[in-house]
Every structure is written in C-alpha cells, then in structure tokens.
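Breakdown of the fold
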Amino acid sequence: MPLDFLGDLRRTHMCGELRAEHTGARVILLGWVNRRRDLGNVIFIDVRDRSGMTQLVFDKGENAAVHEKASNLRSEYVIAAIGKVRRRDADTINKNIATGEIEVTVDELKLLNESKLPPFLPSEAGPINEEVRLKYRYIDLRRENMQANIQLRHNVALAIRQDLAARGFLEIETPFMTRSTPEGARDYLVPSRVHPGEFYALPQSPQLFKQILMISGFDKYFQIVRCFRDEDLRADRQPEFTQIDLEMSFPQPDRVFEVVESFLKAAFKAAGIDLPTPFVRMTYDQAIRQYGIDKPDMRLPAMTDIRPAFTDEDLAELRIDGNLNMVGIRIPNVGKISDREKKELRALSEELGKRNKDFAGVLYDFAQLEKKRPQVAAKIRELCGAGADDLVVPVVGIAAEGKTRSAANQKAQFTSGGEARLELARKYADKHKAFERTGEVARDFKLLWVTDFPMFEYDEGERRWNAAHHPFTSPHEQDMDKLQADPGAVRALAYDVVLNGTELGSGSIRIHRQDIQKQIFTSLGMTDDEARSRFGFFLDALEYGTPPHGGIALGLDRIVMILAGEDSLREVIPFPKTAKAIDMMVDAPTPVSEAQLRDLGIKIR
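Heads up: these notes are all about the structure in this document. (Residues numbered from 1 in each chain as written. Predicted model: local features only at pLDDT ≥ 70, side-chain atom pairs only at ≥ 80, totals over all residues. Heavy atoms only, no water.)

Our focus in this paragraph is the sheet that holds strand β2 (residues 42–49). Hydrogen bonds between backbone groups are what pair the strands of a sheet, and the pairing can be parallel or antiparallel. Strand order around the closed barrel formed by five strands is β1-β2-β3-β5-β4, with mixed pairing between neighbours. Across the sheet, the mean angle separating the axes of adjacent strands is 55° when strand polarity is ignored. Two strands pair when backbone bridges link them, and strand β1 (residues 26–38) and strand β4 (residues 78–87) are joined in this way by seven bridges, in the antiparallel orientation. Within β4, the position partnered with Arg26 by the bridge is Lys84. (Pairing = 2+ DSSP bridges. Helix = DSSP H or I, 4+ residues; strand = E, 2+ residues; numbered from the N terminus. Axes fitted to C-alpha atoms, helices over the stretch in contact; angles between N-to-C directions.)

What follows is the structure, given as structure tokens:
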C-alpha cells in the first residue's frame, strides 16, 4: 500500500484527550495502530499516542474507499485520521479508557508509515523477556506503563526544578570530562588524543566543582546531573545514573534538611502523594541500636532491648551471657507459626551466623520460652509492646570463641538483629501488611534523616582509616581534638535521607578550612605530596575566602522507581544497561578500529 506524506496536517487533539463534550467536533488524530477489529462492513481501530487511545470507526457504507484502506492497516502502523467525534451507544461505552464514551467516524485516512511485526506488541499483557525488551527498547517504550514511568520522571524532575528555583537556587552545569580522583568506585576513563597517554575521567559526582561554585559566590547551586561509576550492577544500580545535586553556602544541616524536604514534598505531589514533613531524625548510633542498620525501614517496630526481662538465674539456666546485646523483634499480626516456620527461624539463625564472623544469631523458639519461663516471655512481650497475635523473636548475640567484645563485635550483634528483622518482615509481609501496596505503589512512605555518621572506617586489610563518607566531609566541631588521638570516635557532619529502608541520598557539611582539610588527609594516611597531586587545585581554592558550605545528592532514578512502584531502575530509565553493563539496543560497548586506537596512542593487550 502506498505511503502518504504528512504535508501541513496538524493534530487537533492527542489520542487520549477526547471526551463527550467534543461530540460533533471535527478532529485530526495522529498515532500508532494499537488494535484492529474487522467486522466486515465496519472496521474498528484503536489509535494510540502517549496520552492514550481513541476508537476509530470505518464504515463501508459511508466511505468505501477509506474502509478499504483501513482493512490493510496492521499493528504499529503510523496513521493520520480525520473525522467527526460521536457518542457511543450506552451499551458500547468502554469504561476502561478515558475516551471510552466517544469514537471518531473517519472520512479521511493517511498511512504515514508501515511496521514490521514487532517481537512483542506494546498492547501485550504479561511478562516479556527483559533482554528482548531492551534490544527493542523503542517498542518497549511504547508500552503504557513505560510511557507512564517516563512521564512521571519528567513530572518529578520538573517539580524539583521549580521548587529549588523558587528558593533561589541556580541550575549550573559542571564538566563531564575532568580529572580522575578515584574514591571507592572505579572511574570511567576517556583517553586524550591531544595529550597522548593522558586521560580524562567521567565524574562520579560533581563534588569538587560544586564546592568551588560555593567559593565562587554562587551560594545556592543545584543540578539534575548524569554521573558515572564503573562498578558491578544490580537492580538499583546503573553505570550511568542521574542525581539531584545541590550545595549551599553558610548552612547548618537543618537548612539542608528543610530544602530537601521541600523539593521531595513537591516531587511526591507530582506523583499524587501528600508527603508529611518534617521527616523523623535519628543519629547513626540510634539507627544501629534500634534497627540494626543505618537505613532503617520504619514501617515495622524498632528492635527492643529485652535484657531487663531476664534475671541472672534465667540467664544461667539458658546459658546466655548477660553482658551481650539482647533484642526483641516484633512482627505485628502474624499469629501462631507452624513447626515448619520454627525450623525456618533456626535456619535463619544459622545463616546470620555465617554472614557475620563475629556473631552467631540465636533466635529462640518463643513458644518454648513461654512454657519454660512464662514470666520472662510475658516481660519480653510487655517490653516489645506485643499483642497476642504478634510474632516475637528474641535475638541474642554470642561473641565468637576466643574473641573480645570489640565495638565492631557489638555492632555486629545489632546488625544481625536488624537483618533478622527485615528477613522476618519480608517472610510475613502478607500478614503484617507493613509493605502492602495500593495498585503499584507502596501505601506507606516513612522518611527519615540519619545523622552523625562515623567520620572514619577502619580497613583491617589495609590497616588504615578510610573516609566513611568522603574526605571533604567536616567533622563535628566538638570532635576535632580526636582526629589524631581517636579517629574511630570522630563524628561527621554527614546525613542520609532514607525512605522505607532505601537510601535516597547522602550529604554533609563540607570542610571549608585548608588547615582542617590537611588534618583529614593526614588522618587518612595521605602525604602532603599525595594530597597535592590529587587535590592541589582544590587545596589552592580553599585559600581564597571559602565560605562554610554543605549539600547533598539524591538519586533521581531511585526516587522515580519507588514512586512508580517498580523493582528495577531499568523500568524508569529510557535507555538503561543490562546487569552486565551492555546496551542491548545499540550493542555497546563494541571494539573500535585500529585507526581510532592509533590516534589515541592505545594498544589493546
């Protein structure tokens, strides 16, 4: 069938816009054939664009030539339809689509392009192989849920931009090609043709540039920016990702919190969700002790210290060291558990012991404890605030044989309890309803700030201290005297924003004084020459009137993934990579020609 040209034809409406009030209007619709139903003398075609669908009617008795042309249409053909809107009969109204009360009788049809039969149809229900979806991403992106996800991404980003602009922030772009300063993840390197043997790096974040913008007098900066990390992938990680990056001059952490809460409230509103503010706040130490993790999921009760439930006699008979951490985990509304589930609890205990070399978790059979020590069990229930149908699991830490109870060992006991808490929450999610979804979106959003992270983490293998956040994070003023004497006790002015157990973003108040920055580098075992080699330009900038400043970066992809009710970032990124960092659609990465390598002075070994 010959193809038509668009010419000067312009759509009057999107395919999802027409309603009963448009009855009688002459309209021009442009889009894809979603479905064709041929009843002989009458053909029905659903035409689709990103706004939705409208049913087209081709009646042989009214226009035989147009009816004949419509009979040759197939799925995913691109068409222009000109006709009149009419109301459907009451018994043919389609309540499943927004345009279901009307249809368009077509008197002119243009075929703008044909389509091969796709490997899958955008209208298909049910699962589709992910590699096929990613290879034919241009087809996959036509699917209704993908169109909705990308529209949501736009709405969220726009709401954030508008909120920050209203607060006086300027969106300023920073370079994509910069110097390599590897911190944690590996850099993606870009060889320089002009300077053979030298390389740029793609930024893992705009960290130093945004701090230099504060030195430059731009006191409120933000950017929705692409960043790059050469690291192993999983469902919530991609080699290139987008973050909401901001920095402020003269802030306290509270001011950063206020700004972030404001733009997150706007972002969630764009998804139809009213987000309560301010968020809960807790210190890192509180999070570890109450939840066993530095990104608590607060949809379930915190862990409870149950040591007061035991007398010395109880401990002796049960062979429990009363000096060790003892916590109770409460999972609401589980009811009585079966013998099989009790065995699964014991298996979970063994698994937690394998994960933590300094800890073996013991999850006691609470029903047995109620029989043997009813007064202990009753006290544990009281301490945990547990009702009759709540599952209570006591977790007792045991130090590994021959080892002292170090700070790391004590933390391991809390973190194992935290792991048990989350495992039990997932296991009984259908009963306690804490993780329940409404449609495709989690119903309950619990956001909080975790503050006062440790400044340093000790690397046993390297036998040295590393920056827990990054080396430009400011220590607490009260802890400055501990930088050399007791690095492990130094608290950072660092903070994370957490949603339902997922870290959305991380930030800190930065070091703005060169003398303190040098102390931090020294604490990290960095010589003056090494510090100057890696960060000389930044150390120089600190000497020219640097104001106190701080900021944060949040993952836009992750926020949209949660709002869309998806389990993978690939569902909200238009052109993602696979778990092996491959772009299936363009077949990247690929080898390059010898001529290109020669120009760059590179030889592949």
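Now that the structure has been shown, the text picks up again.
Next up on the list: the pattern of salt bridges. Close approach of charged atoms allows side chains of opposite charge to pair. Per the counting criterion, the structure on display carries 42 salt bridges. Asp4 is paired through a salt bridge with Lys69; the nearest N and O atoms lie 2.7 Å apart. With a gap of 65 residues between them, Asp4 in the segment before β1 and Lys69 in helix α1 (residues 64–70) connect regions that are remote in the sequence. Note that Asp140 and Arg137 form a salt bridge whose closest N and O atoms lie 2.7 Å from each other. Here Asp140 and its partner Arg137 are both found in helix α3 (residues 137–140), three residues apart, which amounts to about one turn of the helix. Exposure class is identical for Asp140 and Arg137. Each is buried. Each of the salt bridges in this network shares a partner with another, and the network as a whole consists of Arg133, Arg137, Asp140, Arg143 and Glu571. (Salt bridge = Lys/Arg side-chain N within 4 Å of Asp/Glu carboxyl O. Buried < 20%, exposed > 50% of the residue type's maximum accessible area, 1.4 Å probe, protein only.)

With that settled, the discussion passes to the sheet that holds strand β21 (residues 494–499). One open sheet accounts for eight strands, arranged β6-β9-β10-β23-β22-β21-β18-β11; its pairing is mixed. Each having just a single partner strand, β6 (170–171) and β11 (280–283) make up the two edges of the open sheet. Across five bridges, strand β22 (residues 502–509) lies against strand β23 (residues 549–555) in antiparallel orientation. Residue pairing across strands places Ser506 opposite Ala553, the latter belonging to β23. The sheet strands contacting helix α5 (residues 207–215) are β9 (220–228), β10 (240–249) and β23, and the helix crosses β10 at an angle near 25°. The sheet strands contacting helix α6 (residues 253–270) are β9, β10, β11, β18 (447–451), β21, β22 and β23, and the helix crosses β10 at an angle near 135°. (Contact = heavy atoms within 4.5 Å.)

In this section: the layout of surface pockets. Counted as a void, the second largest pocket has a volume near 820 Å³. If you go around the second largest pocket, you meet 30 residues; those closest to its centre are Arg48, Asp49, Arg143, Glu144 and Gln147. Mapped by element, the contributors of at least two residues to the lining of the second largest pocket are β1, β2, β3 (52–59) and α4 (144–166). Per element, the largest residue contribution to the lining of the second largest pocket is seven residues, and it comes from α4. (1 Å grid on protein atoms, 1.4 Å probe; cavity = no way out; pocket = protein on both sides within 12 Å on 5 of 7 lines; lining within 4 Å. Points joined across faces, edges and corners; volume = space filled by probe spheres on them.)

Summed over all chains, the structure comprises 14 aromatic pairs. Judged by centre distance (6.2 Å) and plane angle (80°), the ring pair of Tyr136 and Tyr138 falls under edge-to-face. For Tyr136, a relative accessible area of 27% translates into the label partly exposed. The class of Tyr138 is partly exposed, set by a relative accessible area of 46%. Ring centres of Trp449 and Tyr495 lie 6.1 Å apart, and the angle between their planes is 85°; on these two criteria the pair is classed as edge-to-face. In this pair, Trp449 sits in strand β18 while Tyr495 sits in strand β21, placing the two residues 46 residues apart along the sequence. Members of the aromatic cluster, connected to one another through ring pairs, are Phe257, Phe279, Trp449 and Tyr495. Lying across the ring of Tyr136, Lys135 places its NZ or CZ 6.0 Å from the centre. (Phe/Tyr/Trp six-rings, centres within 6.5 Å; stacked < 30°, edge-to-face > 60°. Lys NZ or Arg CZ within 6 Å of the ring centre and 35° of its normal.)

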